[in-house]
Amino acid sequence: MPVFSQSNESEFVAEGEALEAFDEDFDAMFDQASDTEAVIVVDPKASAKNDDGTYPLRFSGRLDSEFGLGWQYYDEYVDGKEYVKINNKPVIQDKIVEGKNDPNGYFTFTNYLYLNSHPTPDTMVKGTFAMGFPGYEFAISECYFDYIVKNKLYFTAGKKQTTWGYPRLLTVASNATTVKVDEFVAVGAENTNILFDSRKGTSFMLRVPVWTGTITGLAMYQGTNSQPSFEDMIFAASVEMIIQKTSFNVFGRGGEHESTKITYSDENGLLKNETKEIGPLLGLEVKRTILGADVYGQGLCRFDSNEKFGQAFKQTIHGDSFHQMVFTGGFYKWWDAKDPAVGFNIEYQLCCKFNKDDSGEYSGKDTTHRIAFDGGVKRLGPNHNIKVGVELNHDITNNKGYIKPGVIISGLLPNCDWKNGVRWDYGEPYTSKGKWTFGTYIDLSLNY
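Just so you know, these numbers come straight off a predicted model, no measurement behind them. (Residues numbered from 1 in each chain as written. Predicted model: local features only at pLDDT ≥ 70, side-chain atom pairs only at ≥ 80, totals over all residues. Heavy atoms only, no water.)

Draft legend 1. Expanded view of the overall build of the chain. Within the chain, the secondary structure is distributed over 2 helices and 22 strands. Counting all 448 residues of the chain, 43% fall into the buried class. Look at the contacts in the chain between residues 6 or more apart in sequence, and 58% of them connect residues 24 or more apart. A total of about 23600 Å² of accessible surface is found on the chain, and carbon and sulfur atoms cover 57% of it. (Helix = DSSP H or I, 4+ residues; strand = E, 2+ residues; numbered from the N terminus. Buried < 20%, exposed > 50% of the residue type's maximum accessible area, 1.4 Å probe, protein only. Contact = heavy atoms within 4.5 Å. Areas by Shrake-Rupley, 256 points an atom, 1.4 Å probe, with all protein chains shown as cover.)

Okay, structure coming up:
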């Protein structure tokens with residue numbers, strides 16, 4: 001399990017302006033339950049399980065609220081590559097500098113309601129619902145059912161988040177610094193979970209235990225038609241096996257109309273966006289524990305189009321056959337036997353984007369190198385209630401990124417953590433001073 005996990009429920013938590021960049025990842029530091037779908041708190045007065053393991057509908061909840069102070073300071077280059085009228089003549093505006101020096105208050109409030117039922121020995125129903133500030137909009141995080149056939153077939157259907165990928169740091173959930181999650185495609189410089197959008201619609205997943213692992217097939221549909229066409233669905237498959245204490249996972253994803261947003265500059269230097277259809281994605285990853293440390297690697301290959309993917313089987317692979325290739329490797333170690341406990345996670349990523357000219361011919365590739373680091377010490381102090389951590393994300397190629405140290409003190413108030421930290425973003429679009437974000441706030445969490 002990761003040292004610093006990301007919350008599955010973060011899509012419902014709106015962040016204050018001053019702490020938007022700082023707070024996104026810091027909340028989850030030292031949490032070792034990243035695979036948990038919901039915090040289920042069972043009423044001790046609720047009916048006990050039946051002899052066959054079934055139980056009736058149960059409700060539980062969780063309240064998360066954060067309040068405190070923040071401050072941001074930066075000078076930013078604002079790229080004005082667009083037409084503006086000066087003396088009624090269109091011109092291209094040059095870069096200008098815009099600054100900010102603002103203290104801010106900070107408050108979020110989110111209430112989660114969980115339902116969980118095991119009505120028969122071979123069925124289970126789960127749901128997660130949320131409402132919070134700002135907006136107080138009701139949202140359905142997850143609502144799905146599991147169906148088991150003779151302990152040999154496992155079927156899941158509904159709105160459910162599914163994650164495929166061994167990397168922990170360079171994922172959609174983390175490091176979304178300047179690009180929001182919705183703008184990621186299934187392979188990117190910060191995306192190693194090929195099912196990052198599984199919770200946006202409805203998914204149908206079938207798992208079959210085979211030998212030392214599992215074969216999985218999955219279909220995703222983001223429309224509302226109860227009789228969806230196969231052309232409107234995205235399909236994925238995975239074969240994961242453990243051989244000689246090493247985990248191997250071969251997987252892929254594709255659909256008739258998979259697309260990505262591309263940004264380019266026209267002849268006038270203006271930035272434009274277009275949607276481009278892309279081909280299937282194939283991946284291979286390996287993980288093994290060596291001397292108590294997790295060592296893992298993942299390779300992703302996205303073809304340029306369905307047609308180019310078909311040509312690959314005819315041994316006609318060229319530079320224009322691919323849209324993007326990504327390799328991510330990582331090392332994770334946690335020493336938890338004695339106090340204080342120490343751990344760290346480091347990842348390296350190489351991303352190659354294959355460029356095309358106006359005629360669609362291969363015109364070279366852009367290569368990006370990136371590293372990410374998460375490390376910390378917990379159970380410090382006489383009461384073992386202090387945690388200290390630091391997070392780093394550095395784009396080696398473009399010399400930009402951020403560093404974020406922080407301190408968490410628990411137990412000063414009931415059910416509260418006091419969180420303090422600073423984040424420094426450097427590189428474009430900021431000047432040499434970078435962007436500084438400071439925050440101190442109380443995190444109140446209640447399970448009920």
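Draft legend 2. Representation of the pattern of salt bridges in the model. Within this structure, the stated rule accounts for 12 salt bridges. A salt bridge links Lys-404 to Glu-391, with the shortest nitrogen-to-oxygen separation between them at 3.6 Å. One end of the pair, Lys-404, is in strand 20 (residues 400-410); the other, Glu-391, is in strand 19 (residues 386-395), with 13 residues separating them in the sequence. Across the pair Asp-443 and Lys-419 runs a salt bridge, and its minimum N-O distance is 3.0 Å. Residue Asp-443 is located in strand 22 (residues 430-447), and its partner Lys-419 is located in strand 21 (residues 416-426); the two are separated by 24 residues in the primary sequence. Considered together, Asp-443 and Lys-419 belong to a single accessibility category, that of buried residues. Linked by salt bridges that have partners in common, Asp-197, Arg-253, Glu-258 and Arg-302 make up one network. (Salt bridge = Lys/Arg side-chain N within 4 Å of Asp/Glu carboxyl O.)

Draft legend 3. Up close: the nonpolar core. Of all hydrophobic cores here, the largest spans 13 residues; its most connected members are Trp-164, Ile-194, Leu-195, Leu-218, Phe-251 and Leu-300. Core analysis: the next-biggest nonpolar cluster, separate from the first, contains 6 residues, Cys-301, Phe-303, Ala-312 and Cys-352 among them. (Core = buried A, V, L, I, M, F, W, Y, C linked by side-chain atoms within 4.5 Å.)

Draft legend 4. A negative patch on the surface, seen in detail. Residues Glu-231, Asp-232, Glu-256 and Glu-277 make up a contiguous surface patch of negative charge. Residue placement: Asp-232 occurs in the loop between strand 9 (213-221) and strand 10 (233-243). (Patch = residues over 30% accessible without salt bridge, like charges linked within 9 Å, V, L, I, M, F, W, Y side chains within 5 Å. Lys, Arg positive; Asp, Glu negative; His and termini not counted. Charge placed at Lys NZ, Arg CZ, Asp CG, Glu CD.)

Draft legend 5. Broad picture of the packing of aromatic side chains. For the structure shown, the criterion picks out 20 aromatic pairs. Between Phe-303 and Phe-322, the ring centres sit 5.3 Å apart and the planes meet at 40°, which makes this aromatic pair tilted. With Phe-303 in strand 15 (residues 293-303) and Phe-322 in strand 16 (residues 322-335), this residue pair connects regions lying 19 residues apart in the sequence. No difference in accessibility class separates Phe-303 from Phe-322, as the two residues are buried. When the ring centre of Tyr-332 is taken as origin, the NZ or CZ atom of Arg-168, which lies over that ring, is 4.2 Å away. We note Arg-423 situated over the ring of Tyr-402; from NZ or CZ to the ring centre the distance is 3.8 Å. (Phe/Tyr/Trp six-rings, centres within 6.5 Å; stacked < 30°, edge-to-face > 60°. Lys NZ or Arg CZ within 6 Å of the ring centre and 35° of its normal.)

Draft legend 6. Quick peek at the environment of Leu-115. Checked against the element boundaries, Leu-115 lands in strand 4 (residues 96-120). With 55 residues separating them along the chain, Leu-115 and Ser-60 place their C-alpha atoms 6.6 Å apart. Setting aside residues no more than four positions away along its own chain, Leu-115 makes contact with Leu-57, Arg-58, Phe-59, Val-125, Lys-126, Gly-127 and Phe-129.

Draft legend 7. Highlighting the pairing of strand 11 (residues 246-255). Burial within strand 11 is extensive, with 8 of its 10 residues counted as buried. Pairing analysis gives 10 bridges linking strand 10 to strand 11, with the strands arranged antiparallel. What sits directly across from Ala-236, in strand 11, is Arg-253. Connecting strand 10 to the next strand, strand 11, in antiparallel fashion are 2 residues, including Gln-244 with a positive phi near 50°. Sheet topology note: the strand 11/strand 14 (residues 281-290) ladder contains 8 bridges and is antiparallel. (Pairing = 2+ DSSP bridges.)

Draft legend 8. Summary view of a nonpolar patch on the surface. Together, Val-125, Phe-145, Tyr-147, Val-149, Leu-153, Phe-155, Phe-204 and Leu-206 give the surface a local cluster of nonpolar side chains, amounting to about 590 Å² of exposed area. At the level of secondary structure, the elements contributing two or more residues to the nonpolar patch comprise strand 6 (139-149), strand 7 (153-159) and strand 8 (202-210). Of all the elements, strand 6 adds the most residues to the nonpolar patch, at 3 residues. With respect to the helices, strands and loops of the structure, Phe-155 is situated in strand 7.

Draft legend 9. Unusual backbone geometry, seen in detail. Of note, the bond from Phe-133 into Pro-134 is cis; its omega dihedral lies within 30 degrees of zero at 0°. Of note, Trp-211 is a non-glycine position whose phi angle comes to about 55°, a positive value. As for its position among the elements, Trp-211 is in the loop between strand 8 and strand 9. Trp-211 gets classed as exposed once you look at its relative accessible area, which sits at 71%. Residues other than glycine seldom take positive phi values, yet Asn-399 does so here, at roughly 50°. Topologically, Asn-399 is positioned in the loop between strand 19 and strand 20.

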